[in-house]
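Below, each chain spelled out in residue letters.
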Amino acid sequence: MGNAKGKPPGAGKSSFDLIDPNKFFAALVIKPHMKILDLACGQGNYTLALAEAMGPEGVVYGADLWEEGLAKLREEAAIRGLRQIRAILADVSSPLPLDAASIDLCLMATVLHDLVEAGTAPGALAETTRLVKPGGTLAVVEFKKMDGPPGPPRHIRLAPEEVENLLKPYGFRKRLIEEIGSYTYLMLFRKV
Ligand SMILES: C[S@@+](CC[C@H](N)C(=O)[O-])C[C@H]1O[C@@H](n2cnc3c(N)ncnc32)[C@H](O)[C@@H]1O
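Residue positions are given per chain, counting from 1 as you read along its sequence in written order. Note on the predicted model: pLDDT of at least 70 is required for a residue's local features to be given, and 80 or more for side-chain atom pairs to be given and counted; whole-chain, interface and lining totals, by contrast, use all residues.

Some remarks on the nonpolar core
Each nonpolar core reported here comprises buried Ala, Val, Leu, Ile, Met, Phe, Trp, Tyr and Cys residues connected via C-beta atoms within 7 Å. Put plainly, a residue is buried at 20 or more neighbouring C-beta atoms within 10 Å of its own, exposed at 12 or fewer, and partly exposed in between, counting only other residues' C-beta atoms, which are placed from the backbone. Counting residues in each nonpolar core, the largest one holds 55 residues, and the members touching the most others are L39, C106 and M108. For this core, the element with the most residues is strand 4 (residues 103-109), which contributes 6 residues. The contact partners of L39, leaving out residues within four places of it in the chain, are A63, V92, C106, L107, M108, V111, A124 and T128. Only DSSP runs of H or I covering at least 4 residues are called helices, and only runs of E covering at least 2 are called strands; the numbering of each starts at the N terminus. Contact between residues is assigned whenever the C-beta positions, reconstructed from backbone atoms, fall within 7 Å.

Shown next as structure tokens:
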């Protein structure tokens, strides 16, 4: 799964600066005491924002294979006093050290296309469906299918219909799709 330099696909990239956070958080509805998983969090830009939106109760897990990114996340969480963040160094296409049906909200922010491209999406989606509670939410942020920059090459971008078809076999039903910026869209799925 790493590239020639040993980094996982997409390591060092984040879409957080390309989204409208007001639209993103209005759609997500974060509540205190939630357990949130930021799957393939990178350096945790979304993880930090989710933790701040939730407040001190609850937990936000950030999982990624990129050690340097997780080190930055831990450092920034300590600076901001966000003790509800837990960084997990792991391949998200393999079982994570979290209990089944323990997650209220799982976020995959501009990573699904990388997982599809690397052939690791089936493992990651199987693990996501194990972890998200029935009735829980899977949030997917992806780049609109258009030419960049910013973002990955058009041919690896996923249209909303492709995302929906990828997730259906794993028990996720679409409940919302919304533009959250000029380049990105958000889809919310409910675990049935
Ligand atoms: C494009 S970045 C997105 C990071 C973050 N979601 C954001 O937008 O700020 C993709 C991330 O996926 C991670 N990644 C790719 N394949 C992975 C795998 N199999 N297990 C864990 N992390 C992986 C990379 O290390 C990278 O941090």
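Anyway, onward from the coordinates.
Concerning the pairing of strand 4
Strand 4 sits mainly inside the fold: 6 of its 7 residues count as buried. With 3 bridges joining them, strand 1 (residues 35-39) and strand 4 adopt parallel strand pairing. Looking across to strand 4, one finds that I36 is bridged to L105. Pairing of strand 4 with strand 5 (residues 132-143), which is carried by 6 bridges, proceeds in the parallel orientation. Of the residues in strand 5, the one forming a bridge with L105 is T137. For two strands to be treated as a pair, DSSP must find no fewer than two bridges joining them.

A few points about the sheet that holds strand 6 (residues 172-179)
If you walk across this open sheet you meet the 7 strands as 3-2-1-4-5-7-6, and the pairing is mixed. Every interior strand has two partners, whereas the edge strands, strand 3 (85-89) and strand 6, have only one. When strand polarity is set aside, the average angle formed by the axes of neighbouring strands in this sheet is 20°. Relative to strand 3, strand 2 (residues 59-64) runs parallel, the two being bridged by 5 bridges. If you follow G62 over to strand 3, its bridge partner there is A87. To obtain each axis, a line is fitted to C-alpha atoms, and for helices this fit is confined to the stretch in contact; angles are then taken between N-to-C directions over 0 to 180 degrees. This element, helix 5 (residues 121-131), spans strand 1, strand 4 and strand 5 of the sheet and lies at about 140° to strand 5. Of the strands in this sheet, strand 5, strand 6 and strand 7 (184-191) touch helix 6 (residues 160-167), which is tilted by about 25° from strand 7.

Some remarks on the site of the ligand
Near the ligand there are 27 residues, and of these P8, G10, S14, A40 and G42 occur at the shortest range. Elements supplying a minimum of two residues to the shell around the ligand: helix 2 (45-54) and helix 4 (112-118). Its residues assigned to classes, the shell around the ligand shows 14 nonpolar, 9 polar and 4 charged. Residues are counted as near a molecule or strand when the C-beta atom, derived from backbone positions, lies within 6 Å of that molecule or strand. Gly is put with the polar residues, along with every residue not named as nonpolar or charged; the nonpolar set is Ala, Val, Leu, Ile, Met, Phe, Trp, Tyr, Cys and Pro, and the charged set is Asp, Glu, Lys and Arg.

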